[in-house]
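# A closer look at the structure
Here is what each chain is made of, one letter per residue.
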Amino acid sequence: MGNYDFNSIESKWQKYWAEHQTFKASNVSEKPKYYVLDMFPYPSGAGLHVGHPLGYIASDIFARYKRHKGFNVLHPQGYDSFGLPAEQYAIQTGQHPRKTTQENIARYREQLDQMGFSFDWSREVRTSDPAYYKWTQWIFMQLFNSWYDYQQDKARPISELETILSSEGNTGVMAASDNDTPAVTAQQWNDFTSEEKQRLLLNYRLTYLAETEVNWCPQLGTVLANDEIVNGVSERGGYPVVRKKMKQWSMRITAYAQRLLNGLDTIDWPQPLKDSQTNWIGRSEGAEVHFKLQHSDHTISVFTTRPDTIFGVSFMTLAPEHELVAEITTAAQKEEVETYVAATAKRSERERMADVKSITGAFTGAYAVHPFTGKPIPVWIGDYVLAGYGTGAVMSVPCGDQRDYDFARHFNIPIPNIFEGIDISEGAFSDKDKTVIANSDFLNGFQYKEATNKVIEALEQKGTGKGKVNYRLRDAVFSRQRYWGEPFPVYYKNGLPQLIDERYLPLTLPEVSAYLPTEDGEPPLGRADTWAWDSEQNKVVSNEKIDHETVFPLELNTMPGWAGSSCYMFRYMDPRNDQALASQEAMEYWQNVDLYVGGSEHATGHLLYSRFWVKFLYDRGVLPVDEPFKKLINQGMILGESAFVNRLEGSNTFVSAGMQTGNVMQPIHADVSFVNHSNELDIEAFKAWRPEYEDSEFITEKDGAFKVVREVEKMSKSKYNVVNPDDICERYGADTLRMYEMFLGPLEQAKPWNTAGITGVHSFLKKLWKLYHSGIAADGKQGGVFSVSEEPASGESLRILHKTINKVEEDIENFSFNTSVSTFMIAVNELGAQGCNSREVLEPLVVLLSPYAPHISEELWQKLGHSESISIAAFPKFEEKYLVEHTKEYPISFNGKTRFTLELPLDMAKEDIEAAVMAHEKTENYLAGRAPKKVIVVPGKIVNIVG
RNA sequence: GCUGAAGUGGUGGAAUUGGUAGACACGUUGGACUUAAAAUCCAAUGGUCAGAAAUGGCCGUGCGGGUUCAAGUCCCGCCUUCAGUACCA
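Since the model is a prediction, treat every value here as computed from it, not as a measurement. (Residues numbered from 1 in each chain as written. Chains lettered and ligands numbered in written order. Predicted model: local features only at pLDDT ≥ 70, side-chain atom pairs only at ≥ 80, totals over all residues. Heavy atoms only, no water.)

The secondary structure content of chain A amounts to 30 helices and 34 strands. The dimensions of chain A, computed from C-alpha atoms along their principal axes, are 100 × 85 × 70 Å. Within chain A, buried positions represent 53% of all 947 residues. Contacts in chain A between residues far apart in sequence, at least 24 positions, make up 70% of those at least 6 positions apart. If you sum the accessible surface of chain A, you get close to 42,400 Å²; carbon and sulfur atoms cover 48% of it. Within chain A, one finds 96 positive and 127 negative side-chain charges whose respective centroids are separated by 3 Å. (Helix = DSSP H or I, 4+ residues; strand = E, 2+ residues; numbered from the N terminus. Buried < 20%, exposed > 50% of the residue type's maximum accessible area, 1.4 Å probe, protein only. Contact = heavy atoms within 4.5 Å. Areas by Shrake-Rupley, 256 points an atom, 1.4 Å probe, with all protein chains shown as cover. Lys, Arg positive; Asp, Glu negative; His and termini not counted. Charge placed at Lys NZ, Arg CZ, Asp CG, Glu CD.)

Before going further, it helps to examine the packing of helix α22 (residues 734–743) against helix α25 (residues 817–834). Closest axis-to-axis distance for the α22/α25 pair is 7 Å, and the angle between their directions is 120°. As the angle between them shows, α22 and α25 are arranged oblique. The segment α22 lies against α25, with M739, M742 and F743 engaging F817, N818, V821, S822 and F824. Taken together, the residues of the contact of α22 with α25 break down into 6 nonpolar, 2 polar and no charged. (Axes fitted to C-alpha atoms, helices over the stretch in contact; angles between N-to-C directions. Parallel < 35°, antiparallel > 145°, perpendicular 65-115°, else oblique. Nonpolar A, V, L, I, M, F, W, Y, C, P; charged D, E, K, R; others polar.)

So, about the packing of aromatic side chains. The full count for this structure, using the stated rule, is 63 aromatic pairs. Residues F140 and W249 carry aromatic rings whose centres are separated by 5.2 Å and whose planes lie at 80° to one another, so their mutual orientation is edge-to-face. Here W249 lies in strand β9 (residues 242–251) and F140 lies in helix α5 (residues 130–144), a separation of 109 residues in the sequence. Both residues of the pair, F140 and W249, belong to the buried class. Members of the aromatic cluster, each reached through a chain of ring pairs, are Y34, F62, Y65, F71, F815, F817, F824, Y852 and F875. (Phe/Tyr/Trp six-rings, centres within 6.5 Å; stacked < 30°, edge-to-face > 60°.)

On to the nonpolar core. Of all hydrophobic cores here, the largest spans 96 residues; its most connected members are F140, F478 and W613. The leading source of residues in this core is α5, at 9 residues. In this structure W613 touches I139, L143, M251, F478, W562, A563, S566 and C567, once residues within four positions along its chain are discounted. Membership of the second largest hydrophobic core comes to 83 residues, among which are Y34, Y56, Y79 and Y740. (Core = buried A, V, L, I, M, F, W, Y, C linked by side-chain atoms within 4.5 Å.)

What follows deals with the pairing of strand β12 (residues 315–318). Look at any regular strand and the pattern is simple: side chains alternate between the two faces of the sheet. Alternating positions in β12 separate into two faces, F315 and T317 on one and M316 and L318 on the other, with burial throughout. Pairing between β12 and strand β14 (residues 376–381): 3 bridges, direction parallel. The residue of β14 that forms the bridge with M316 is V379. (Pairing = 2+ DSSP bridges.)

A word on helix α26 (residues 839–849). Among the 11 residues of α26, 9 are classified as buried, and the element is accordingly described as predominantly covered. By the burial criterion, the buried members of α26 are V841, L842, E843, P844, L845, V846, V847, L848 and L849.

In space, the 4 strands of this open sheet follow the order β6-β5-β9-β17, with antiparallel pairing throughout. Sheet topology places β6 (222–224) and β17 (476–477) at the edges, where each strand pairs with a single neighbour. With 10 bridges joining them, strand β5 (residues 207–217) and β9 adopt antiparallel strand pairing. Bridge pairing in β9 places V214 opposite K244. The strands touched by α5 are β5 and β9; relative to β9, the strand with the most contacts, the crossing angle is about 90°.

Strand order in the open sheet formed by 3 strands is β11-β10-β16, and the pairing between neighbours is antiparallel. Here the strands that pair on one side only, and so sit at the sheet edges, are β11 (299–304) and β16 (465–471). Each adjacent strand pair in this sheet contributes to an overall mean axis angle of 35°, direction not counted. The strands touched by helix α15 (residues 448–462) within the sheet are β10 (283–292) and β16, with β16 carrying the most contacts at an inclination of about 115°.

All right, on to the confidence of the model for chain A then. Summary statistics for chain A give a mean pLDDT of 87 and a share of 90% for residues scoring 70 or more. Segment residues 777–784 is flagged for pLDDT under 50; beyond a separation of four residues in sequence, or across chains, it makes 13 contacts in the model. Segment residues 937–944: pLDDT under 50, and 14 contacts once partners within four positions in sequence are set aside and those in other chains are kept. Reported confidence for the predicted complex is 0.93 by ipTM and 0.91 by pTM. (pLDDT = per-residue confidence, 0-100.)

As a further point, take the pairing of strand β19 (residues 496–499). Covered by surrounding structure in β19 are L496 and Q498 together with P497 and L499, the residues of both alternating faces. Pairing geometry for strand β18 (residues 490–493) and β19, over 4 bridges, is antiparallel. By the bridge assignment for β19, Y491 is matched with Q498. Connecting β18 to the antiparallel partner β19 that follows it, the hairpin turn spans 2 residues, and N494 within it adopts a positive phi of roughly 50°.

Bringing unusual backbone geometry into the picture now. Going from L505 to P506, the amide bond is cis rather than trans, its omega being -5°. Positionally, P506 belongs in the loop between β19 and β20 (532–534). Of note in the backbone geometry, N439 takes a positive phi value of approximately 50° without being a glycine. Residue N439 is classed as exposed on the basis of its relative accessible area of 59%.

Below you can see the structure in the form of structure tokens.
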């Protein structure tokens, strides 16, 4: 019957599925819905390596499984196709990013198709497609036109705020707003010019333009959000990042801090991921305390989590960037303070982080007044206080905080002790649950909790402070000085941002002569000749037409990468709708994503931002749900096994791994394709790789082989350790690749790719094929096995089948796909040994296998006599009766009475059971009168009864 | 430092959640088929001791204690590795 010709089987079914649109999901169905989504890929020029599809395979198994289970499954795919790499490639080559992006997408699609995924491609979206980013721009506009009302705890239209302002002013408004929002009465508001009104409203809008200190990356020529910076350098490229004041769009995500936190309790995500979002949001409870300054009208506000230690304050510290620093510094201290401020400003984020140990600061000469004792408190500045957290100022309690303690020690500031019976001569005591407060007036004798409540009460009475919850989360900078991103639907009239009318969306990206910033430092869109908005004709016109009446300059920044990915999961529900993000019916039907699969690196980026946008759109009545992803699985990364050849330092001689005797070696990456599975290097291939290696010497092992050193690293082109899925599919087939990736280990764990092991899975599929066609079982026995017969199945083979169904279903539900592969192998071996060839058993087995190995399953299913696609077949049901019916009952007596009966497989010999009982009677357990609760019997082997 | 995850054969990893530790696979060794290689198939494979053998004994899940008839699994105390985060007041 021929060999297992996976290449032709796989292309045959892939073609069949495409032609029949087998996986096309309908928005109208009687079936229950299930939405399975992968984090969509950024199509890079390098194509996919074997690590990328891991999550797609897992989600595809789940999607196919759910279809079998009778669900209407939505399983779409698309591309996150705006982004920096395409733009940098464009800068180097002059090639339009649109073109490279299209080419990369075509390549991705080819690779994805090859792996037999059951995506509904009719719903594909691309973030760089104007028909798609129309809705990204639209959401931006909704944010611009909204404010956050803490009283109703939701976002509301900005027009409602205007109504409130015109009748009551803003004093009663509890809204998320800028810190320096001035108080305005209704009278003042109504007297405002339209421009003044707009300026005030910008303080409330959920996306706003503000002069903020941002992370500027000179090499990339753009600002970065906090989550795009890792260890003080840019995530992409690893370039230094400096602080810079710039006018930028920001998203008022801080308004949603508490709800983003609360929502975590309602979703089924991995705990580590929830933890990192919790930490990122960084809620802390405490108090805000206002310290009046001596000889000045100014007040310094601080946030503290330990208001109970307020009597331990011996100084205050401001961040060097604090706005009051210049004003409060005395003439005598001016020079010292200015020198210090200048010195800290010059230091990059990275230097500051690297050098946390050294203590620096300066005295301002100013004194604050203690709110309770009235004593003067010296005000210092120090860079251990961060401008971006809390109020940028702290009340320093050296006895209770190690940083304050170190600072006080360094500058000889007194360290009063306010803890009863605690020695603070060596360091601060910060364990708040183990102290009793002393030397603290009305707080004496109280512990942390009561003392905190009392202080807050007292502060509120005096009007010098209040209880407060502070969040670490910052508003997210939303502008990027890039070309390849969504343009803002914004133009500027007298420097004030105006939205273009939503009827004229999308505002499409203009053409530019080059993708670099302009000479005067403007973003690339500054090069566009046609980038002005005619507010009468409502269209983009040439910059030359800009005037003061009707034609205005458009925004030159573009949106960041996360803009397009924050709501794409809803667009899939109705991707071609040009009237709405998606129709109400579609959104009501699909609700939100039931299963989302992707990497954990998006914990504090995409996964936080999309939750924010979804909550916002829920508030505004656009979406019916307020969380995008009900359940989330993080697939682990597949790592590469790099190969290093060692070169003698400064020479052209390479030395095999076993022949290095203490010489200084320089490891060099060799392409893994030159190395076989016993770590032997193909010297000729290596020589031919680079001209400089052509004449190299090679010191080999005694047997003549040259061995490389292996090391596990991230899979990357630059490390020459990339394994390509195309090659694997070509050689072993997609079904083998799919099953092997699952077999490699637990889905959520990082693990190195090792091609050697793939033969195990591959030969399983070959065996299955052979078994069906030639009836030769795995153990070589001939028995006509699997050449399907209509005979009823034996009890034992039904038992094997249902054991397998039970285990595989359990595995899929728990995402333990790795153990299922073993289960299939065992089942096929056992059935082969049984000589089972009944259709009754084989059909369900083939269906059961299909989520993992869809192509071979489909092929065998067809051969079993079915003409319909396997994906509409009913999933085999696990029926316990097959496990039960084919077992025998044995009564077990205990202390003379029959205490219970045992269910055991039919093939269990009676002698074994009797031996078990006898063995049990000798145990201490029996002698102590304990009844057994479980009996373990191994046929022909050890027997054990446990109590 | 803090948070989280994890330590099981030569390797990747199983273990019905307290009940035969090492499933399944890779690798290795031996064998079959080949002139040979590849492919394929079969057998053995945690360590150790006894035995010609069948077989049996002992030790074994990072380390040290504990609970239990029974611990990879639970409790206490350590060690190590990885990941995230970091002067967050």
